[in-house]
Amino acid sequence: MDSTSAPRFAFVGLAVSDVAASVSFYRRLGVEFPEGVDGEAHVEGALPGGPLLVLDAEATIRSFHPGWQPPSGGTRSALAFRCASPAEVDVLYGELTGAGYHGELKPWDAFWGQRYAVVHDPDGNGVDLLAPL
């Protein structure tokens with residue numbers, strides 16, 4: 001396959017239990033969703049830097065995959081947002097946890113050279129906040 005026919009990355013998709021709650025959370029991280037989409041079953045928002053983040057209500061997924069069930073016992077994926085500075089990791093973590101989102105891992109200086117923290121979105125997906133030290 002040559003480079004002109006190689007598939008291109010299009011989006012990251014998440015199954016969500018409450019689209020409005022997820023839109024609110026990801027807007028705090030700079031994802032741009034159109035106004036008035038909170039009640040929709042499928043929304044697309046532009047991630048900072050270009051790719052899309054697509055959110056689908058669980059009912060939407062079941063509409064074409066009736067046997068689908070959300071994973072239980074933990075997740076195997078995470079989203080990561082690079083902050084402008086280590087201090088921004090702390091500020092953003094504080095804003096998100098202050099707004100009631102679960103802080104899984106408080107900001108710390110990781111041995112791999114990043115200020116690093118983890119919060120959960122409304123469905124329990126891990127969202128990493130990081131910046132080079």
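These lines cover the structure that appears in this document, whether it is placed above or below. Per chain, residue numbering runs from 1 following the sequence as it is written. The predicted origin of the model limits local features to residues at a pLDDT of at least 70 and limits the giving and counting of side-chain atom pairs to 80 or more, whereas totals for whole chains, interfaces and linings rest on all residues. Side-chain numbers come from the whole structure's heavy atoms, not from hydrogens or water.

**A word on the overall build of the chain**
Then comes step 1: Numbering of helices and strands starts at the N terminus; helices are DSSP runs of H or I of at least 4 residues and strands are runs of E of at least 2. Tallying secondary structure elements over the chain gives three helices and seven strands in all.
Then comes step 2: Starting at the N terminus and ending at the C terminus, the chain contains elements arranged as β-α-β-β-α-β-α-β-β-β.
Then comes step 3: Overall, the C-alpha framework of the chain stretches about 45 × 45 × 35 Å when taken along its three principal axes.
Then comes step 4: Relative accessibility thresholds used throughout: buried, under 20% of the residue-type maximum; exposed, over 50%; partly exposed, between the two (1.4 Å probe, protein chains only). The burial tally for the chain puts 35% of its 133 residues in the buried class.
Then comes step 5: Should any heavy atoms of two residues lie within 4.5 Å, those residues are considered in contact. Sequence separation of at least 24 residues holds for 45% of the intrachain contacts in the chain that already meet a minimum separation of 6.
Then comes step 6: With residues, only the protein chains shown are counted as cover, and all accessible areas are computed by Shrake-Rupley using a 1.4 Å probe. Split by element, the accessible area of the chain, about 7900 Å² in all, is 54% carbon and sulfur.
Then comes step 7: Charged-residue counts in this description rest on Lys and Arg as positive and Asp and Glu as negative, His and the chain ends being excluded. One atom stands in for each charge, and that atom is NZ of Lys, CZ of Arg, CG of Asp or CD of Glu. Charge separation in the chain, taken as the distance between the mean sites of 8 positive and 17 negative side-chain charges, equals 5 Å.

**Some details on the environment of Ala 10**
Then comes step 1: By secondary structure assignment, the location of Ala 10 is in the segment before strand 1 (11-16).
Then comes step 2: Residues Ala 10 and Pro 122 lie 112 residues apart in sequence; the distance between their C-alpha atoms is 24 Å.

**Structural notes on the pattern of salt bridges**
Pairing between side chains of opposite charge can happen when the charged atoms of each approach one another.
Then comes step 1: Throughout this description, the term salt bridge denotes a Lys or Arg side-chain nitrogen within 4 Å of a carboxyl oxygen of Asp or Glu. Enumeration over the complete set of coordinates arrives at three salt bridges.
Then comes step 2: Linking Arg 27 and Asp 38 is a salt bridge whose minimum nitrogen-to-oxygen distance equals 3.7 Å. Taken as a pair, Arg 27 in helix 1 (residues 19-27) and Asp 38 in the loop between helix 1 and strand 2 (42-46) lie far apart in primary sequence, 11 residues in all.
Then comes step 3: The exposure class of Asp 38 is partly exposed, given its relative accessible area of 36%.
Then comes step 4: Between Asp 109 and Arg 115 there is a salt bridge; the shortest N-O distance is 3.0 Å.
Then comes step 5: It is possible to trace a salt-bridge network through shared partners that takes in Asp 90, Asp 109 and Arg 115.

**Digging into the sheet that holds strand 3 (residues 52-57)**
Then comes step 1: The strand order across the open sheet built from three strands is 1-3-2, with neighbouring strands paired in mixed fashion. Of all the strands in the sheet, the pair left with one neighbour each is strand 1 and strand 2. Neighbour-to-neighbour, the strand axes of this sheet turn through a mean angle of 20°, independent of strand direction.
Then comes step 2: Against the sheet, helix 1 makes contact with strand 1, strand 2 and strand 3, and its axis sits at roughly 160° relative to strand 3, the strand it touches most. For two strands to pair, DSSP has to find at least two bridges joining them. Interaxial angle, 0 to 180 degrees, is taken between N-to-C directions of lines fitted to C-alpha atoms, where a helix line uses only the stretch in contact.

**Here's the deal with the nonpolar core**
Then comes step 1: Among the buried residues, those of types Ala, Val, Leu, Ile, Met, Phe, Trp, Tyr and Cys that are joined through side-chain atoms within 4.5 Å form a nonpolar core. Among the nonpolar cores identified, the biggest contains 28 residues, and Tyr 26, Leu 29, Phe 33, Leu 53, Phe 81 and Leu 129 are the most heavily contacted of them.
Then comes step 2: Secondary structure elements with two or more residues in this core: strand 1, helix 1, strand 3, strand 4 (78-82), helix 3 (86-98), strand 6 (114-120) and strand 7 (126-132).
Then comes step 3: Apart from residues no more than four positions distant in its own chain, Leu 129 is found in contact with Leu 29, Phe 81, Cys 83, Val 89, Leu 92, Tyr 93, Leu 96, Arg 115, Tyr 116, Ala 117 and Val 119.

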